[in-house]
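# Chain and residue survey
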Amino acid sequence: MDYPSLDVIAVGAHPDDVEIGCGGTLARLVKQGYRVGIIDLTDGEPTPLSTGPEARMEEARAAAEVLGVTTRVQLDLPNRRLFDSFEARVALAKEFRKYRPRIVLGFGEKTPLASPDHWQAGQITDAAVFYSRLTKWDEHFDGLPVHSIPVSMYFRLGFTSHVPLEGAGHVVVDIGPELETKLAAVRCYASQFPPAKAHVFERIRAIDTHHGLLAGFAAGELFTSTRTLGTRDLVKQFFE
Ligand SMILES: [Zn+2]
């Protein structure tokens, strides 16, 4: 089977993570003409109010449609007991080898008081980025060709205070025009965000407005680069 090569893949633990962490950026990338994919490591179920995996899948499909993302893969690893394991790393690396992304966006923080799957997802993503390019190991990857991913960055759910990573670089993506699209995508998860949880939307709006203002935008999403960010053209960096 032929797989379309993608510019950017965002990896979440559960359907709705990627929407909250970087949905505005994904919507913007799609608008800019880039090929974008989402990989959910688990189906996110069970959760207290959802009727089950089928309903959650339908919510995820609707959210991807709102963002304009056409490639969404669910790896069916176990929700609530997601661990950084060899099998999980290989499963994700296979997707990277299939879709050949240039940039991978993954979880970059622990989420105390929320699911520990998020941190595990970040570890799995880091490892899978590495596994994707390893030669002489084809037997683990169904013979899929190796693929080197040049750039990996971290997103955050943004529900806790921002602690900078040492030696890394931060960048805010302008999502001023995309903020409402992002919120609409998150709203697709009616089972996760019923009216009693309306404060989640206010929180997302507040955090994204804050991050945007730091960089001079109406709203923004913060990413951490795994290395210090450089520029090859200082003028274009700020004016294009
Ligand atoms: Zn989650």
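Conventions and cut-offs
Residues numbered from 1 in each chain as written. Predicted model: local features only at pLDDT ≥ 70, side-chain atom pairs only at ≥ 80, totals over all residues. Heavy atoms only, no water. Helix = DSSP H or I, 4+ residues; strand = E, 2+ residues; numbered from the N terminus. Rg over C-alpha atoms; globule rule 2.2 N^0.38 Å. Buried < 20%, exposed > 50% of the residue type's maximum accessible area, 1.4 Å probe, protein only. Contact = heavy atoms within 4.5 Å. Areas by Shrake-Rupley, 256 points an atom, 1.4 Å probe, with all protein chains shown as cover. Lys, Arg positive; Asp, Glu negative; His and termini not counted. Charge placed at Lys NZ, Arg CZ, Asp CG, Glu CD. Donors = N, O, S within 2.8 Å, 3.2 Å for Na, K, Ca; no water. Salt bridge = Lys/Arg side-chain N within 4 Å of Asp/Glu carboxyl O. Expected span 1.5 Å × (residues − 1). Axes fitted to C-alpha atoms, helices over the stretch in contact; angles between N-to-C directions. Parallel < 35°, antiparallel > 145°, perpendicular 65-115°, else oblique. Left-handed = near helix turned anticlockwise from the far one by under 90°. Nonpolar A, V, L, I, M, F, W, Y, C, P; charged D, E, K, R; others polar.

Bringing the overall build of the chain into the picture now. Summing up its helical and strand segments, the chain has seven helices and seven strands in all. Taken over the C-alpha trace, the chain has a radius of gyration of 17 Å; the compact-globule value for 240 residues is 18 Å, and the two agree within 12%. Counting only C-alpha atoms, the chain reaches 50 × 50 × 35 Å along its principal axes. Scored against the burial criterion, the 240 residues of the chain give a buried share of 50%. If you take every contact in the chain between residues at least 6 apart in sequence, the share linking residues at least 24 apart comes to 82%. Total accessible area on the chain is roughly 12100 Å²; 57% of this is exposed by carbon and sulfur atoms. Taking the average location of the 26 positive side-chain charges in the chain and that of its 31 negative ones, the two points are 4 Å from each other.

Binding of the zinc ion to the protein goes through His-14 (ND1), Asp-17 (OD) and His-118 (NE2), at separations of 2.1 to 2.2 Å. In terms of primary sequence, the donors binding the zinc ion are separated according to H-x2-D-x100-H. Residue His-14 shares its accessibility class with Asp-17, and that shared class is buried.

Our next topic: the pattern of salt bridges. Taken as a whole and assessed by the stated rule, the structure comprises 18 salt bridges. Among the ionic pairs, Asp-16 bridges to Arg-56, the shortest N-O distance being 3.7 Å. You can see Asp-16 sitting in the loop between strand E1 (8–12) and helix H1 (17–31) and its partner Arg-56 sitting in helix H2 (residues 53–67), a full 40 residues away along the chain. Residue classification places Asp-16 among the buried residues on the basis of a relative accessible area of 7%. Salt bridges linked by common partners bring Arg-28, Lys-31, Asp-174 and Glu-178 together as one network.

Count 3.6 residues to each turn of an α-helix, and residues three or four apart come out pointing the same way. A rise of 1.5 Å per residue sets the reference length of helix H4 (residues 117–131), with its 15 residues, at 21 Å; its end C-alpha atoms lie 20 Å apart and thus fit the reference within 8%. Within H4, eleven of the 15 residues are buried, leaving the element largely enclosed by the surrounding structure. As for H4, its buried residues are in contact with E1, H1, strand E2 (36–42), helix H3 (86–99) and strand E4 (103–107).

Before going further, it helps to spend a moment on the packing of H1 against helix H5 (residues 179–187). Relative to each other, H1 and H5 sit at 135°, their axes nearing to 8 Å. Considering the angle they form, H1 stands oblique to H5. Considering the relative orientation of H1 and H5, their crossing is right-handed. Together, Glu-19, Ile-20, Gly-23, Gly-24 and Ala-27 of H1 and Thr-181, Lys-182, Ala-185 and Val-186 of H5 make up the contact between the two elements. Along the lines of polarity and charge, the residues of the contact of H1 with H5 split into four nonpolar, three polar and two charged.

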